[in-house]
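Fold and contact review
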Amino acid sequence: MATGLRRLSVLDWIRFGLLAAGLVFVATGLLPAEEARASVERIAPLLLFLGAVIVLAELTKEAQVFDVIATRLAIVGRGSYAALFFLCTAFASLVTIVLNLDTTAVLLTPVMLALAPRAKIAPLPLVMTTVWLANTASLLLPVSNLTNLLAMNRVALTTQEFAARMWAPQAASIVVTMAFLWAFYWRRGERGEDRYVAPPPVPVADRVLFGVAGVACLLFITAILAGVEIGVAALVAAVAVVAAFAWRDRAKLVWGLIPWRLLVFVTGLFLVVPTLSRLGLADVMRALVGLGGDGDGAYRAAAAGAALSNVLNNLPAYVAGEQVIPAANHTQLLSLLAGTNLGPVITPWGSLATLLWFEWCRRGDVRVPLAKFVATGAGLALTGLAATVTVLILTA
């Protein structure tokens, strides 16, 4: 028992502390039991989806799908950094959109770190692509970000309706991100080389697992676009891949696949944030967000969401903001969503995805210049949010 406790990281202690605080709030009456029950019931389907999609993504990585695609992109680029830039940004955006931001930050980052030495590419441009697009490409589909699921339910949109409303703002966000990535990390003066070496193809260890995982991901994407409930779609896809691994490589099926840390963190947040809102956080957010639903109110909501995300974290920032925005103010609520999705690129703790990304960079011995990370992230957040919210208002 003592050994298990010593293995917990600082982040693990924070997660358990958050859940413990939430339970104390319920036990002491600071958060009424009915309100706590409603909060947990709201996130139960989201936790099912989150657990299933992370298992799906983890096993897809183990089946080498990400490795093969990333290496193939480098081969297709034929040594041209400009071509590789467009291919990598497209790949990172696609993974974020269809498999959520944590997949890009946690699973695509080590793939890029492995690709860098094979192609003799500086790792920093590659990993900055994953962390920025993990956040800024997470607006299009409900599955892209847990906050999207909350917003979609709040404004009563289907998956197709949500995508139709958000595609133009999402496009604006990605374009701005690409401009910042090229200017500050990918251009010749930053990367230090004219061309890279196209790597050899990655040998696939088990083509059956590779095929099943690839097909399961495609069917998952097709199902959610067709309107299948996202928790069900993710669970069916995950079960199919788990079954394939049980047949071909059972050793990979470990308890560590289940993202219990994330589930504990989210559950704790949905007990703590409502309590803090009752104790005054709602008044602070109401003052920051304002009363207007469009125009000034939309920009204020986005700014408040981004600011609070970089102080606390994007998920509690969204939950706190959502509680003070009237349900009828759809544009203002979606602007808050943009602020909490795009904004957490300034501080290392802005989103859970960014925190996990920093851990992978540490493991890969990639030095991330913190001053540059913060300065360029602030510029991206400001410019990206201005463009995204403007498009959101114009397309309302």
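It should be noted that the structure appears before, not after, this text.
An account of the accompanying structure is given in this report. The shown structure was predicted, so the numbers you read here are calculated from the model rather than taken from an experiment.

The subject of this paragraph is the layout of surface pockets. Taken as a whole, the second largest pocket spans an internal volume of roughly 270 Å³. Every residue lining the second largest pocket is counted, 16 residues in all, and those nearest its centre are I14, L18, F265, L312 and N313. The set of elements that each furnish at least two residues to the lining of the second largest pocket consists of α2 (10-28), α13 (260-289) and α17 (352-363). Counting residues per element, the lining of the second largest pocket draws most heavily on α13, which supplies six residues. A class-by-class count of the residues in the lining of the second largest pocket yields 14 nonpolar, one polar and one charged.

Let us now look at the packing of aromatic side chains. Evaluation of the coordinates by the stated rule reveals 11 aromatic pairs. Ring geometry for W132 against Y185: centres 5.5 Å apart, planes inclined by 85 degrees, an arrangement best described as edge-to-face. With W132 in helix α7 (residues 123-136) and Y185 in helix α9 (residues 159-186), the pair connects residues that are 53 residues apart, well separated along the chain. Comparing W132 with Y185 shows no difference in burial state: the two are buried. Here the guanidinium or amino end of K372 rests over the ring plane of Y185, the centre of that ring lying 4.5 Å away.

Let us look at the pattern of salt bridges. Where charged atoms from two side chains of opposite charge approach closely, those side chains can pair. Under the counting rule described, the total for this entry stands at eight salt bridges. E35 serves as the salt-bridge partner of R278, at 3.1 Å between the closest nitrogen and oxygen. Taken together, the residues R278 in helix α13 and E35 in helix α3 (residues 33-62) connect sequence positions 243 residues apart. Residue D283 is joined to R286 by a salt bridge in which the shortest nitrogen-to-oxygen separation is 3.1 Å. Within this pair, D283 and its partner R286 are both found in helix α13, separated by three residues, close to a single helical turn.

Moving on, we come to the side chain of T104. Tracing the backbone through its elements, the reader meets T104 in helix α6 (residues 101-119). Dropping the residues within four chain positions of it, T104 is found in contact with A92, V95, T96, T109, T130 and A134.

Calculation rules
Residues numbered from 1 in each chain as written. Predicted model: local features only at pLDDT ≥ 70, side-chain atom pairs only at ≥ 80, totals over all residues. Heavy atoms only, no water. 1 Å grid on protein atoms, 1.4 Å probe; cavity = no way out; pocket = protein on both sides within 12 Å on 5 of 7 lines; lining within 4 Å. Points joined across faces, edges and corners; volume = space filled by probe spheres on them. Helix = DSSP H or I, 4+ residues; strand = E, 2+ residues; numbered from the N terminus. Nonpolar A, V, L, I, M, F, W, Y, C, P; charged D, E, K, R; others polar. Phe/Tyr/Trp six-rings, centres within 6.5 Å; stacked < 30°, edge-to-face > 60°. Buried < 20%, exposed > 50% of the residue type's maximum accessible area, 1.4 Å probe, protein only. Lys NZ or Arg CZ within 6 Å of the ring centre and 35° of its normal. Salt bridge = Lys/Arg side-chain N within 4 Å of Asp/Glu carboxyl O. Contact = heavy atoms within 4.5 Å.

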